[in-house]
Amino acid sequence: MWGTLARFILRFRWLLLGILLAVTAYLGYYASKVQLSYEFTRAIPTDNPKYLTYQAFRQQFGEDGNLLVIGVQTDQLFTEKIFNDYTALAADMKKVEAVEDVLSVPAASNLLRDSAAEKLNASLIFPPGRLTQATIDSSAAIFRSLKFYQGLLYNPETNTYMMAIRINKDVLNSKKRNDVVAKIVEVGDAFGKSHSLEMHYSGLPLIRTNIATKVAREMQWFLLGSIVLSAILLLISFRSFSAMGMSLAVVIIGVLWSLGTMVLMGYKITILNALIPPLVVVIGIPNCIYFLNKFHTAWNDTAGIADPAQRKYTALTEMISRMGIVTLFCNIAAAIGFGVFALTKSAVLKEFGFVAGINIMALFFISIIFIPVILSFLPPPKPRHTRYLDNKWMLSVLDRLEIWSVSHRKNIYAFTSVLLVVAVIGILRLRSEGFMVDDLPKTDKIYTDLKFFEKHFKGVMPLEIVVDTKRKNGLRANMLQTFGKMDSLSAYIAAQPEMARPLSIVEGLKFARQAYYEGDSLQYGLPTSFDIGFLAQYLTTKSGDSTGKANNLTRIVSSFMDTTRQRTRISVNMADVGSKRLPELISNIEAKSDQLFDTTKYNVEFTGTTVTFLEGSAFIINGLKESIAWAFLLIALCMLYLFRSFKILLCSLVPNVIPLVITAGVMGWTGVAIKPSTVLVFSVALGIAIDITIRFLVNYKQELQNSDKSAQEIVISTIHKTGISIIYTSLVLIAGFVIFCFSGFGGTQALGWLTSLTLVLATLTNLIFLPTLLMSFVRKERKK
């Protein structure tokens, strides 16, 4: 079959090359249209209850993740120069395109009681225009007396002030977001520079924008880096610019196919599938190395053929015949390692799995057509091109591996057993924990600014609690009782060190009550049965003063209650506490809410970006664990089909399980947590590492069937015949993944060094432990 295919490829080389280039041009056209995703990671399936709850919340109350916050710490804010410039800063922020509202100290409003009209009027605490120091001082005294703003716009204990900017949600999901966020930071930095103040920025719009920008930038650099590094290694190995150029052409075609496929499937670049183009380079180069290595070996073996053209044709036919099935199953195994992610329910993993799996298989067809066709056009290899086959250093390494496998089997088993015991102890130390921004370096400004807000305002991550009275106008019935329960729950939440004071309709009523009692700060509290009658009218108020502008209380009522007065929300800003602590906090709050709210009358739901992040992380981790099991099963079936022997199947799987166990143990000992970005390593490494096993065992089986040598002699021969190409390929793979260690994301760094470690271990186990297993078990099979 493979011989027939080889002759077909060489006979119709022009036609096949034309088809390949036409498909590449077609997909390359679409690759030029690839776009960056500006949506947050879509980890949860659309039918997940938490997702449905969050979408219902967004429909009723609007977005919870469209606030960008600016913080500054100074005890001089209320001095004339700085305050007037801070006022101008807020005004300049409002002028930025897509900024819908700015909440700041200069724009803060007070509620004043109008006894004649029996209403509360909203008025600015700080008058418009440039203010004198005296006016600022008197207005600042009023501002500080309003407890509503404490913890919301300022922290009186640390002299820290926050400005909150609401950005249009449609712009946040578009490319314009980059310009909007950049302009906000530019305007803020100008203010900070003029007064020698450090400005701090945070909020989901900023975090998402900066991470998306970093993803796009890193993809370009990693793609370039992987290509350059591969080119250097190829040039060192084969001493041929034509071989290097041909190999690079294969992976560049693969990259174009992957990006084109991404666009045709309606996908955009995310932090996960941005890894696909560099991975295509890393996985495609080994195909080239194995084909070239077999071509050079076959060229040397056909030295007796006088006609150079016939000699090349014979070598190419031998290359395709011997390496076709090997490369096919290697790519199938790698495609399985990535493609199993498509079996999960997570949208972002499905995209990664589909695109990676399809294009890794496509690499096989690109390689088996392009490489033989191009080699048929190139001049025959010169002696310097095949000199690496007699590399004395490499041959001495293979001799050493042979000695270990043949003469030290007991020591190998004992050493491996000790390593596995230590690894299992490390696995028992593994913890599963992820943070919203823990993939960023601790020195990154996004991270340090987030910690600034956690220190002074207890964080900016949104958590939403929806209280449903289960009936229309339910909030108007038993009003004091319902709001009293909400106030008790808010007090419990505020007592948590990781959570800020919640904001709800209750806080608005407290603000109104203080205004009703002429601004007495001691009266900032929940309305009593006496004054609720006066304040109740504001629950139906839709506009504020005679100008039609809504006052603060009206805006709170409209944004914190639905139109039917059946549901209300409690909004909490909290720290990025991680996926381990967050469930504990939410569980405690749920238990408290169950104590306060009768479940027959109320339904309390927890939602928001923080909850969906937790659910998404758990979903991805569980999906990745399932994908590892699927990858292991499917690869095992492929190996069984390929070798038709349970003993060889066992021998093929054990050397690849050992590196995964040791890597997991290293993670436990080094404190690397299991999270979406690290659990990805195991499926990826298994799919790639099994390639080494397939190449070794295919050669071994061919020798076993066609040779009268003993099992030990066949193993030794296989070590020497496949060892050089395996080592060269492993070096390329390891170097390719090491590039990821230079990422600005911790998860990508972990993918780099953990996968490299796994591949180093897999190379050693396949060249030392696998031969030992074959000599221990398969030999008995030959004696039957």
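Residues numbered from 1 in each chain as written. Predicted model: local features only at pLDDT ≥ 70, side-chain atom pairs only at ≥ 80, totals over all residues. Heavy atoms only, no water.

Caption draft 1: Seen up close, the overall build of the protein chain. The helix and strand inventory of the protein chain stands at 25 helices and 11 strands. Projecting the C-alpha coordinates of the protein chain onto the three principal axes gives extents of approximately 115 × 50 × 45 Å. When the 784 residues of the protein chain are sorted by exposure, 57% land in the buried category. A separation of at least 24 residues holds for 79% of the contacts in the protein chain among residues at least 6 apart in sequence. Taken as a whole, the protein chain presents about 32,700 Å² of accessible surface, with 59% of it coming from carbon and sulfur. Across the protein chain, the centroid of the 78 positively charged side chains sits 9 Å from that of the 57 negatively charged ones. (Helix = DSSP H or I, 4+ residues; strand = E, 2+ residues; numbered from the N terminus. Buried < 20%, exposed > 50% of the residue type's maximum accessible area, 1.4 Å probe, protein only. Contact = heavy atoms within 4.5 Å. Areas by Shrake-Rupley, 256 points an atom, 1.4 Å probe, with all protein chains shown as cover. Lys, Arg positive; Asp, Glu negative; His and termini not counted. Charge placed at Lys NZ, Arg CZ, Asp CG, Glu CD.)

Caption draft 2: Looking closely at the nonpolar core. Counting 203 residues, the largest nonpolar core has Phe 338, Phe 370, Leu 680, Ile 694 and Leu 697 as its most contacted members. For Phe 370, the residues in contact, after removing those within four places along its chain, are Leu 17, Leu 20, Met 246, Ala 249, Val 250 and Ile 253. Formed by 51 residues, the second largest nonpolar core is a distinct cluster that contains Leu 68, Phe 83, Met 93 and Phe 560. (Core = buried A, V, L, I, M, F, W, Y, C linked by side-chain atoms within 4.5 Å.)

Caption draft 3: Seen up close, a nonpolar patch on the surface. A surface patch of nonpolar side chains, amounting to about 420 Å² of accessible area, comprises Phe 8, Phe 12, Leu 15, Ile 19 and Val 23. The dominant element in the nonpolar patch, judged by the number of residues it contributes, is helix α2 (residues 13–31), at 3 residues. With respect to the helices, strands and loops of the structure, Leu 15 is situated in helix α2. We classify Leu 15 as exposed; its relative accessible area is 52%. (Patch = residues over 30% accessible without salt bridge, like charges linked within 9 Å, V, L, I, M, F, W, Y side chains within 5 Å. Salt bridge = Lys/Arg side-chain N within 4 Å of Asp/Glu carboxyl O.)

Caption draft 4: A look at the packing of helix α10 (residues 276–301) against helix α12 (residues 347–377). The contact between α10 and α12 brings their axes to 10 Å, and the two run at 30 degrees. One element, α10, and the other, α12, form an angle in the roughly parallel class. In this structure, α10 meets α12 at a crossing whose hand is right-handed. Contact residues: Ile 276, Leu 279, Val 280, Ile 283, Gly 284, Asn 287, Cys 288, Phe 291, Leu 292 and Phe 295 in α10; Phe 352, Val 355, Ala 356, Ile 360, Leu 363, Phe 364, Ser 367, Ile 368, Ile 371 and Leu 375 in α12. (Axes fitted to C-alpha atoms, helices over the stretch in contact; angles between N-to-C directions. Parallel < 35°, antiparallel > 145°, perpendicular 65-115°, else oblique. Left-handed = near helix turned anticlockwise from the far one by under 90°.)

Caption draft 5: Examining the pattern of salt bridges more closely. By the definition in use, this model includes 16 salt bridges. Lys 445 serves as the salt-bridge partner of Asp 449, at 3.1 Å between the closest nitrogen and oxygen. Residue Asp 449 and its partner Lys 445 are located together in helix α15 (residues 445–457), separated by 4 residues, close to a single helical turn. Classification of Lys 445 by relative accessible area gives partly exposed; the value is 40%. When the shortest N-O distance is used, the salt bridge between Glu 464 and Arg 569 registers 3.0 Å. Here the residue Glu 464 occupies a position in strand β8 (residues 461–468), and Arg 569 occupies one in strand β10 (residues 567–574), the gap between them amounting to 105 residues. The class for Glu 464 is buried, based on a relative accessible area of 4%. One network of salt bridges, in which partners are shared, links Asp 487, Arg 501, Glu 507 and Lys 510.

Caption draft 6: Seen up close, the sheet that holds β8. Reading across the sheet, the 4 strands line up as β9-β10-β8-β11 and stay open at both edges, with antiparallel pairing between neighbours. With partners counted over all chains shown, the strands left at the sheet margins are β9 (503–504) and β11 (603–607), one partner each. Bridge analysis of β8 against β11 gives 5 bridges, and the strand direction is antiparallel. When the bridges of β11 are listed, Val 466 appears paired with Glu 605. (Pairing = 2+ DSSP bridges.)

Caption draft 7: Inspection of the packing of helix α16 (residues 479–494) against helix α17 (residues 505–516) at higher detail. As a packed pair, α16 and α17 sit with axes 9 Å apart at the nearest point and diverge in direction by 105 degrees. Relative to α17, the element α16 is oriented roughly perpendicular. Residues Phe 483, Met 486 and Asp 487 of α16 form the contact with α17, whose own contacting residues are Ile 505, Val 506, Glu 507, Leu 509 and Lys 510.

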